[in-house]
Amino acid sequence: DRCACLAPTYYAHGYKSGLLVPLLLGGSVALPEHQNLDDIVSWIKQLRPTWFSAGPTHLQAVLDRLQSDELPIEHSLRFILCGASYLPGPVQTKLEHILGIPILEAYGLSETGMICANPAPPLIRKPGTVGLVAPDEVAIRGEDGHLLGRGEVGEIVVRGPRVSPGFG
């Protein structure tokens, strides 16, 4: 796999999802010379990434750019990973239709990295959610410190080997 590193690497999302993860998994990283979205079609053709990670605002801009072209885009993408915030359903649906690939929503924290993600097809995705929990412990804690049940509102707590020391 080849990840197009689009997010700034001085932020956790860009550094972890766009640089560290692909390299740790034995893939490669492609860095567009310019990250101007007007050039997205040309850098996708030139760099031939198989995936990239971006937030909803960035994906909305990608959608706007791709919708302005009348011709279908030729690409090597297998999926797009979306993090940072909720991805509106219409953006996801339209981008998936134009590109013919899934957009996988994920959730993580700077201190932990990705802790939940929707799986790639053929596994079942649930758009609008952050998907399946990674092999860490994730729970919801109430104001009194006790763990809450499914559907309860509280603070997200994570425990596991990927949690930065001092945050456990």
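Residues numbered from 1 in each chain as written. Predicted model: local features only at pLDDT ≥ 70, side-chain atom pairs only at ≥ 80, totals over all residues. Heavy atoms only, no water.

### Looking at the pattern of salt bridges
Under the criterion given, the structure shown has four salt bridges. One salt bridge in this structure joins D1 and R78, with 2.8 Å as the shortest N-O distance. Linking D1 in the segment before β1 (2-4) with R78 in the loop between α3 (56-68) and β4 (79-82), this pair joins segments that are 77 residues apart in sequence. Its relative accessible area of 46% is what places R78 among the partly exposed residues. Between R141 and E155 there is a salt bridge; the shortest N-O distance is 3.9 Å. In this pair, R141 sits in strand β8 (residues 137-141) while E155 sits in strand β9 (residues 155-159), placing the two residues 14 residues apart along the sequence. Judged by its relative accessible area of 48%, E155 falls in the partly exposed class. (Salt bridge = Lys/Arg side-chain N within 4 Å of Asp/Glu carboxyl O. Helix = DSSP H or I, 4+ residues; strand = E, 2+ residues; numbered from the N terminus. Buried < 20%, exposed > 50% of the residue type's maximum accessible area, 1.4 Å probe, protein only.)

### A few points about the packing of α3 against helix α4 (residues 89-99)
Relative orientation of the contacting elements α3 and α4 amounts to 45°, with a least axis distance of 10 Å. The angle between α3 and α4 falls in the class oblique. Of the two elements, α3 crosses α4, and the hand of that crossing is left-handed. Seen from α3, the contacting residues are L59, Q60, V62, L63, L66 and Q67; seen from α4, they are V91, K94, L95, I98 and L99. Here the contact of α3 with α4 is built from residues that sort into eight nonpolar, two polar and one charged. (Axes fitted to C-alpha atoms, helices over the stretch in contact; angles between N-to-C directions. Parallel < 35°, antiparallel > 145°, perpendicular 65-115°, else oblique. Left-handed = near helix turned anticlockwise from the far one by under 90°. Contact = heavy atoms within 4.5 Å. Nonpolar A, V, L, I, M, F, W, Y, C, P; charged D, E, K, R; others polar.)

### Description of the confidence of the model for the chain
Considering every residue of the chain, the mean pLDDT works out to 86; 97% of them sit at 70 or more. Across the chain, the element-wise mean pLDDT spans from 83 in strand β6 (residues 113-117) up to 95 in strand β2 (residues 28-30). (pLDDT = per-residue confidence, 0-100.)

### Some thoughts on helix α1 (residues 12-24)
In this model, α1 (13 residues) spans only 15 Å end to end at C-alpha, well below the 18 Å of a helix rising 1.5 Å per residue. Taken residue by residue, α1 has G14, S17, G18 and P22 as its buried positions. One side of α1 holds all its buried residues, which, seen down the axis, span an arc of 110°. Positive phi appears at G26, one or two residues downstream of α1, with a value of about 85°. (Expected span 1.5 Å × (residues − 1). Arc of directions from axis to C-beta.)

### Digging into the nonpolar core
Ranked by internal contacts, the top residues of the largest apolar core, which has 25 residues, are F52, L59, L95 and L99. Elements with a minimum of two residues in this core: α2 (40-47), β3 (51-54), α3, β4 and α4. Among residues more than four places away in sequence, those in contact with L59 are F52, A54, I80, C82, L87, V91, L95 and I103. W51, L81, L104 and A106 belong to the second largest nonpolar core, which has six residues in total. (Core = buried A, V, L, I, M, F, W, Y, C linked by side-chain atoms within 4.5 Å.)

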